[in-house]
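# Commentary on secondary and tertiary structure
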Amino acid sequence: MPMLTDPSKKYNKFTPSIKLSDRTWPDKTIDKAPIWLSTDLRDGNQSLANPMSIEAKTRFWKMLVKLGVKQIEAAFPAASDTDFNFVRSVIETPGLTPDDVWVQVLTPARADLIKRSFESVAGAKRAVIHMYNATSPLFRDVVFRNSKEDTIKLAKEHTELVRKLADEYSQKYGTIFAYEYSPETFTQTETQFAVEICQVVKSIWKPTAEVPIIFNLPATVEVGTPNTYADQIEYFCRHIGEREKVHVSLHPHNDRGSGVAAAELGQLAGADRVEGCVFGNGERTGNVDLVTLAMNLYSQGISPNLNFDDMLSVIDTVSQCTGLPVHPRHPYAGELVFTAFSGSHQDAIKKGFEAQQKRAENGDHIWSMPYLPIDPADIGCSYEAVIRVNSQSGKGGIAYLVKQILGMDLPRRMQISFYQVIQKVSDMTGTEISVDDIINTFKQQYYLEEFSNKGRLALRNFSLEDTRGGGAHTPQDASEYTRVFKGRIAVDGESRQVEGVGNGAMTALLNGLEKQLGAHLSVKSYEEHAIGKGSYVQAASYVNVSDGTKDYWGVGIDPDAAASGLKAVLSAASQACQDNVFPEVKPVSTADAIKNAAAGVVENVKDGVNAAVNGTN
Ligand SMILES: CC(=O)SCCNC(=O)CCNC(=O)[C@H](O)C(C)(C)COP(=O)(O)OP(=O)(O)OC[C@H]1O[C@@H](n2cnc3c(N)ncnc32)[C@H](O)[C@@H]1OP(=O)(O)O
Ligand SMILES: CC(C)C(=O)C(=O)O
Ligand SMILES: [Mg+2]
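Counting starts from 1 at the beginning of each chain's written sequence and moves along it residue by residue. Whichever chain is written first becomes A and whichever ligand is written first becomes 1, with later ones labelled in order. Selection of residues for local features in this predicted model requires a pLDDT of at least 70, selection of side-chain atom pairs for listing and counting requires 80 or more, and totals for whole chains, interfaces and linings are taken over all residues. Only hydrogens and water are set aside; all other atoms, that is, all heavy atoms of the structure, feed into the side-chain values.

Let us now look at the site of ligand 2. All residues adjacent to ligand 2 are Arg42, Asp43, Leu106, His130, Ser182, Glu184, Asn216, Pro218, Thr220, His251 and His253. In the environment of ligand 2, an oxygen atom lies 2.9 Å from a nitrogen or oxygen atom belonging to the side chain of arginine 42. Any N or O atom pair separated by 3.5 Å or less is treated as a polar contact, with the protein-specific requirement of one donor-capable and one acceptor-capable atom, and with residues adjacent in sequence counted only for side-chain atom pairs. Histidine 251 places a polar side-chain atom, nitrogen or oxygen, 3.0 Å from an oxygen atom of ligand 2. For ligand 2, the accessible surface in isolation is 260 Å², of which the surrounding protein chains cover 94%. Near is defined per residue: the residue qualifies when any heavy atom it owns lies within 4 Å of the molecule or strand. Areas reported as accessible are Shrake-Rupley estimates using a 1.4 Å probe. Residue values count occlusion only from the protein chains shown.

Quick look at the confidence of the model for the chain now. Of all residues in the chain, 91% attain a pLDDT of 70 or more, and the chain-wide mean is 91. For the stretch residues 450–455, pLDDT sits under 50, and the model shows 13 contacts to residues farther than four places along the chain or on other chains. Confidence over residues 594–617 falls short of pLDDT 50; this stretch has 49 contacts with residues more than four positions distant or in other chains. Scored as a complex, the prediction yields pTM 0.85 and ipTM 0.97. Values of pLDDT, which run from 0 to 100, indicate the predictor's confidence residue by residue. Whether two residues are in contact is decided by their heavy atoms: any pair within 4.5 Å suffices.

Right, let's talk about the pairing of strand E4 (residues 126–134) for a bit. Within a regular strand, side chains alternate between the sheet's two faces. Relative accessibility thresholds used throughout: buried, under 20% of the residue-type maximum; exposed, over 50%; partly exposed, between the two (1.4 Å probe, protein chains only). Strands here mean DSSP runs of E at least two residues long; helices mean DSSP runs of H or I at least four residues long; both are numbered from the N terminus. The element E4 is extensively covered by neighbouring structure, given that seven of its nine residues are classed as buried. Relative to E4, strand E3 (residues 102–108) runs parallel, the two sharing six bridges. Note that in E4 the partner of valine 103 across the bridge is alanine 127. A right-handed crossover is one whose linking path, passing over the helix from the first strand to the second, runs clockwise when the strands point away from the viewer. As a crossover connection, the stretch from E3 through helix H4 (residues 111–120) into E4 is right-handed. The rule for pairing is simple: two strands pair if DSSP sees at least two bridges between them. In terms of strand pairing, E4 meets strand E5 (residues 176–184) through nine bridges, oriented parallel. Bridging from a neighbouring strand, methionine 131 pairs with tyrosine 181 of E5.

Moving on, we get to the packing of aromatic side chains. Working definition: rings of Phe, Tyr and Trp (its six-membered ring) pair if their centres are within 6.5 Å, and the pair is stacked with planes under 30 degrees apart, edge-to-face with planes over 60 apart, and tilted otherwise. With the rule as written, the count across this model stands at 14 aromatic pairs. Summarising the aromatic geometry, the rings of tryptophan 61 and phenylalanine 86 are spaced 6.0 Å apart at their centres and angled 75° between planes, so their arrangement reads as edge-to-face. With a gap of 25 residues between them, tryptophan 61 in helix H2 (residues 54–67) and phenylalanine 86 in helix H3 (residues 81–92) connect regions that are remote in the sequence. Under the relative-accessibility criterion, tryptophan 61 is labelled buried at 0%. In this structure phenylalanine 86 comes out as buried when scored by relative accessible area, which is 0%. Ring geometry for tyrosine 179 and tryptophan 205: centres 4.9 Å apart, planes at 40°, overall tilted. Highlighted residues: tyrosine 179 in strand E5 and tryptophan 205 in helix H7 (residues 191–205), separated in sequence by 26 residues. Every member of this aromatic cluster is reached through a ring pair, and the members are Phe118, Tyr169, Tyr173 and Phe177. In this scheme, Lys NZ or Arg CZ marks a charge over a ring once it lies within 6 Å of the ring centre and within 35 degrees of the ring normal. Its guanidinium or amino end placed over the ring of phenylalanine 84, arginine 116 lies 3.7 Å from that ring's centre, counting from NZ or CZ.

The protein atoms that coordinate the magnesium ion (ligand 3) are Asp43 (OD), His251 (NE2) and His253 (NE2), at distances spanning 2.0 to 2.2 Å. Water is not among the atoms examined, so metal sites may look incomplete; donors are the N, O and S atoms within 2.8 Å of the metal, or within 3.2 Å for Na, K and Ca. Here the donor residues for the magnesium ion (ligand 3) map to a single chain with the spacing D-x207-H-x1-H. One end of the pair, aspartate 43, is in helix H1 (residues 40–46); the other, histidine 253, is in the loop between strand E7 (246–252) and helix H9 (259–268), with 210 residues separating them in the sequence.

Written out as structure tokens, the structure reads:
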């Protein structure tokens, strides 16, 4: 038995009726935003199992107005009292519809429904009457069972009615009317025939350049590749007369998943206007997604004339009104779209942010960031979600988070060392590690919290004496720069007097520890930077020490630079205690390590921290 139906026996390849060999759209670019029409409250609404209530529609309407949408298809008013009453409400409720917003309503080419639609917009400042009838051979044959001539007659006669009612209503109410005509199923219609029927409609409506007629050319069902749509649009734009009195409008659906591409190529082909829905709700696989289209423009440096700077509230409104969630990978809006879990992405983003900051300091604010097409801040998202850590993550991402949260810029080799700690935790838990877990682990690993100082090495007080030759004598080499460290160090909580000498503060302290605790550690590298500004400035020090066999990293923070270096040494030396480096100070047991950790590290990383404490560096 064959596994699959032979598709060639069941499906025809889509071939548009026109061949455009001299198409110009491939060489064009999109340089401005189209006129947007939101059909969320009509096409979007009619696709919902539970259409929106008037309250939900009102909330949605307010959001669209706030986003800056100037043409909104409010309803199919002849469909239901809810739809009709909603249109009345946006017209009658003070403040709901700014003067520059067009209220659009959809009607089939049926006299009773056209009349009802006009009643719904009575008194509007600006209204678009949108009439449709399907024009493709399939619909002509199967649905309407009429000829091309009958199809033209249907559009012509009902446009005459629309013209007559528009004149009456504008005389009575002063409404400015625009007319939109959709040859429904345009992409499956012979394109020449679509032009022909639109010419007839136009000759009846008699548009002006000030208020052009809108010819909306829907991909009612998306059946072809976006280039075929673009060819059809370019053909239409070239052949429709009085082009300056026409707004060519796109209405892509997304059956093949290429609604956005179709809308973009359609604009290259000459379209002036796009109809779609926020996040692409709509019949079947949806209407074209206005958010993606708008943000695609934005990411090219072109203002979309729509404001998505509070994307989270847009997501809330849309998902609550429609009952549909926004996919986590939805372009620009999904909760994961700015998040990198993988190490190499995180590393590139971290470096990207550093480079971006440097360029900004020199006045260059152009966004150029690996893996992030736009700045998440532009749509109101914080950077917290940009880097999240699991077993796929690397040192760069972890260091980025430490820098974001603590302001600490870890030296590269230390990043590798701390990454190994986190990797052990993530391997054990097998899940994502929260930022809190990473920061708590960092503090515990480097003894940055008071609980860790219990039983390890901690600075109580100190003085440093400079004993280098003074007066006229110029020191000849480093050994002449002599420092004397005197201070009290808590060793497992017991205060001891420590004294040592060295060519700097840290080596003097290590010399003192050697005398007190019986093991020598030497400084391999040291880095320091400021955290904060003004009177809140602190020094962060990172030191790498070694007992000759193993390296230990330590971190110190203190308003005083020398103290921060000394604390960093003790932080590293405290870790050395775990390896029994100092005969005087025994490693804490696994149980104690967990007990100490429990004060500051969340429950789910305890096991990982335990392993990390026992096997780090
Ligand atoms: C592609 C789109 O999204 S088009 C918009 C579709 N949206 C909707 O349909 C939502 C709202 N619709 C409704 O509430 C109802 O369908 C109504 C109120 C419009 C009409 O309801 P009813 O009168 O019961 O008719 P019904 O929906 O079954 O319509 C079918 C009839 O309209 C005709 N028809 C369909 N579309 C059109 C059109 N654009 N112009 C004129 N007649 C049309 C059909 O040929 C059929 O005619 P027939 O009864 O002579 O065979
Ligand atoms: C009414 C028309 C424009 C429509 O929604 C479609 O063809 O998809
Ligand atoms: Mg549609």
